[in-house]
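Close look at the chain arrangement
Residues per chain, in single letters:
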Amino acid sequence: MTDVGPPIELPVLDISNPLDPAAGKALLDAATKYGFLYVDSRGTDFTAAEVDRAFELSKTFFASPVEEKATCRIEPNNRGWSGMHTETLDPEHQRTGDFKEAFNFGQFQNSKAQQPLPASLQPHESEIAHFSSLCNKTCTRILTLLALGLDIPPNFFTTRHDPTSGITGSILRYLYYPSLTSPKTTTYNHSLDVRAGAHSDYGSITLLFQRPGQPGLEILTPSGDWAPVPVIPSQGEGKESFPFPPILVNIGDLLSYWTSGLLKSTVHRVVFPMAEQQQQQLQQRTPGSAAQDRYSIVYFCHPMDRTELVPVPSRVVEEFRERMKKEAQGEKRVGFGGGAGVLEEEGRVLTAHEHLMARLDATYGFRK
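Residues numbered from 1 in each chain as written. Predicted model: local features only at pLDDT ≥ 70, side-chain atom pairs only at ≥ 80, totals over all residues. Heavy atoms only, no water.

Comments concerning the side chain of R141
- Note on placement: R141 falls in helix α4 (residues 125-149).
- Setting aside anything within four residues of it in sequence, one finds R141 in contact with I15, S16, P18, G43, T44 and D45. (Helix = DSSP H or I, 4+ residues; strand = E, 2+ residues; numbered from the N terminus. Contact = heavy atoms within 4.5 Å.)

Quick look at the packing of aromatic side chains
- What the rule picks out here adds up to 14 aromatic pairs.
- Their ring planes at 65 degrees and their centres at 6.5 Å tell us that F156 and W258 sit as a pair that is edge-to-face. Here F156, found in the loop between α4 and β7 (171-177), pairs with W258, found in helix α5 (residues 253-258); they are 102 residues apart in sequence, far enough to count as distant. Take F156 and W258: they sit in the same class, and that class is buried. (Phe/Tyr/Trp six-rings, centres within 6.5 Å; stacked < 30°, edge-to-face > 60°. Buried < 20%, exposed > 50% of the residue type's maximum accessible area, 1.4 Å probe, protein only.)

Re the sheet that holds strand β10 (residues 217-220)
- If you trace the 4 strands from one edge of the open sheet to the other, you get β8-β13-β10-β11, paired in antiparallel fashion. Looking along the sheet, the strands with just one partner apiece sit at the ends: β8 (196-199) and β11 (226-228). Across the sheet, the mean angle separating the axes of adjacent strands is 20 degrees when strand polarity is ignored.
- Bridge analysis of β8 against strand β13 (residues 268-270) gives 2 bridges, and the strand direction is antiparallel. Residue pairing across strands places A196 opposite V270, the latter belonging to β13. (Pairing = 2+ DSSP bridges. Axes fitted to C-alpha atoms, helices over the stretch in contact; angles between N-to-C directions.)

Description of helix α1 (residues 21-33)
- Its 13 residues place the ends of α1 18 Å apart at the C-alpha level, agreeing with the 18 Å of an ideal helix rising 1.5 Å per residue.
- Residues of α1 that are buried: A23, G24, L27, L28, A30 and A31. Axial view of α1: buried residues confined to an arc of 165 degrees, hence all on one face. Exposed and facing more than 90 degrees away from the buried side of α1 are P21, A22 and K33.
- Of the residues flanking the start of α1, the one acting as N-cap is D20, its side-chain oxygen 3.1 Å from the backbone nitrogen of A22.
- Phi turns positive one or two residues past the end of α1, at G35, with a value near 80 degrees. (Expected span 1.5 Å × (residues − 1). Arc of directions from axis to C-beta. Polar contact = N/O pair within 3.5 Å; in protein donor to acceptor, adjacent residues only side chain to side chain.)

Some points on the packing of helix α2 (residues 48-62) against α4
- In the contact formed by α2 and α4, the axes pass within 11 Å of each other and the chain directions differ by 125 degrees. Classified by the angle between their axes, α2 and α4 sit oblique to one another. At the point where α2 passes α4, the crossing takes the left-handed sense. Where α2 approaches α4, its residues E50, V51, R53, A54 and L57 are matched on the opposing element by E127, I128, H130, F131 and L134. (Parallel < 35°, antiparallel > 145°, perpendicular 65-115°, else oblique. Left-handed = near helix turned anticlockwise from the far one by under 90°.)

Brief notes about the packing of α1 against α4
- Axis separation between α1 and α4 bottoms out at 7 Å; the angle between their running directions is 90 degrees. For the element pair α1 / α4, the angle class is roughly perpendicular. Counting all contacts with α1, which are made through P21, A23, G24, K25, L27, L28 and A31, the residues of α4 involved are I142, L145, L146, L148 and G149.
- The class makeup of the residues in the contact of α1 with α4 is 9 nonpolar, 2 polar and 1 charged. (Nonpolar A, V, L, I, M, F, W, Y, C, P; charged D, E, K, R; others polar.)

Overview of the pairing of strand β14 (residues 294-301)
- Summarising burial for β14: 8 of the 8 residues are buried, a large majority.
- Alternating positions in β14 separate into two faces, R294, S296, V298 and F300 on one and Y295, I297, Y299 and C301 on the other, with burial throughout.
- For β7 and β14, the ladder comprises 7 bridges, and the chain directions are antiparallel. Directly across from Y177, in β14, lies its bridge partner R294.
- When strand β9 (residues 205-210) meets β14, the two strands line up antiparallel, connected through 6 bridges.

As for the sheet that holds strand β1 (residues 12-13)
- With mixed pairing, the 8 strands of this open sheet are ordered in space as β1-β2-β12-β9-β14-β7-β4-β3. At either margin of the open sheet sits one strand with a lone partner, and together these are β1 and β3 (80-82).
- Of the strand pairs in this sheet, strand β4 (residues 101-105) and β7 are connected by 5 bridges, and their pairing is antiparallel. Paired with A102 across the bridge in β7 is L175.
- Across the face of the sheet, α4 comes into contact with β2 (36-39), β4, β7, β9, β12 (247-251) and β14 while running at roughly 130 degrees to β9.

Things to note about the nonpolar core
- Of all hydrophobic cores here, the largest spans 62 residues; its most connected members are F157 and F209.
- Other than its neighbours up to four places away in sequence, F209 contacts F46, V51, F55, F131, C135, F244, I247, S296 and I297.
- Among the nonpolar cores identified, the runner-up in size contains 23 residues, and F36, L175, I219 and M357 belong to it. (Core = buried A, V, L, I, M, F, W, Y, C linked by side-chain atoms within 4.5 Å.)

Digging into the environment of G216
- Residue placement: G216 occurs in the loop between β9 and β10.
- With 21 residues separating them along the chain, G216 and R195 place their C-alpha atoms 8.5 Å apart.

Quick look at unusual backbone geometry
- A positive phi is found at N110, a non-glycine position, where the angle reads about 55 degrees.
- Summarising the element assignment, N110 is placed in the loop between β5 (108-109) and β6 (112-113).
- Taking the relative accessible area as the measure of exposure, N110 reaches 75% and is therefore exposed.

Here's what the structure looks like:
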């Protein structure tokens, strides 16, 4: 499963009207087929200036001294800074931890962070809180449309993700992946190492903001090949007028389980661009092809901690479940990354918080 194929073409969808049944159907179709899709940035509440500003704050933080960042090291609650090689998203196959740094923000209350912030970000707390609230609003639209597509009450998912009703595991994350020419990547082995190991996301849905000219994301296709995901899609009506690159959305494990595997929690990774790898191996640089650091901003949308992970009461899901039962001839299929079934432990249905903690333990080894 190491071959890399051509870039994948994903649909660009309009979510400006969260009560549009046609939009709900289109969203469900994409989530069922790919597990990934683009959201047209013109149909969201973000402005280009707000997205640019978020990336500016991210760069300022990652450029700050290590000693300053280390005052807010990541804790078992999944909040704070993780340095180079701290995370290992694919422990079964990775030689070393991911070539990246990250900072995780948990929920904000009244525009205040519920965690320590480093000196470089403290003056901008309200800005970061506002951006996080826009992410949550976007997720609310997407979850409402998915509910419409599944023919269940429009608020089925949103009431279970409401941060005003309880604690959620939702995280706003700044990410920094140094280029191959960075001193931080001197130990890089092109045949073994990646920027972010192969994994599926832990929560319900994920929003990914990217910068033009900074590729690297790949998804695993049903054929077992890796397919690059362009930062800006090659198709889409009026794509030349996007105020900023479309937001990439993908389904996480919880939403896959909630729908018994109907919605796909697709495995993905972040790699050094192939052109950079080839030139690095040849120890030469082509004029005008300077390697670029990659910055991205991610919002991981999670349900309230107490939410039990049982299948949604959807006719569409039930029909899919019956088809899968027949195909599997009664074989029970459960497992991370989009399997069908209910997450259980010793006969008890797991909660969203218990599921998240199990995944974080595997990534960071907190309990070890």
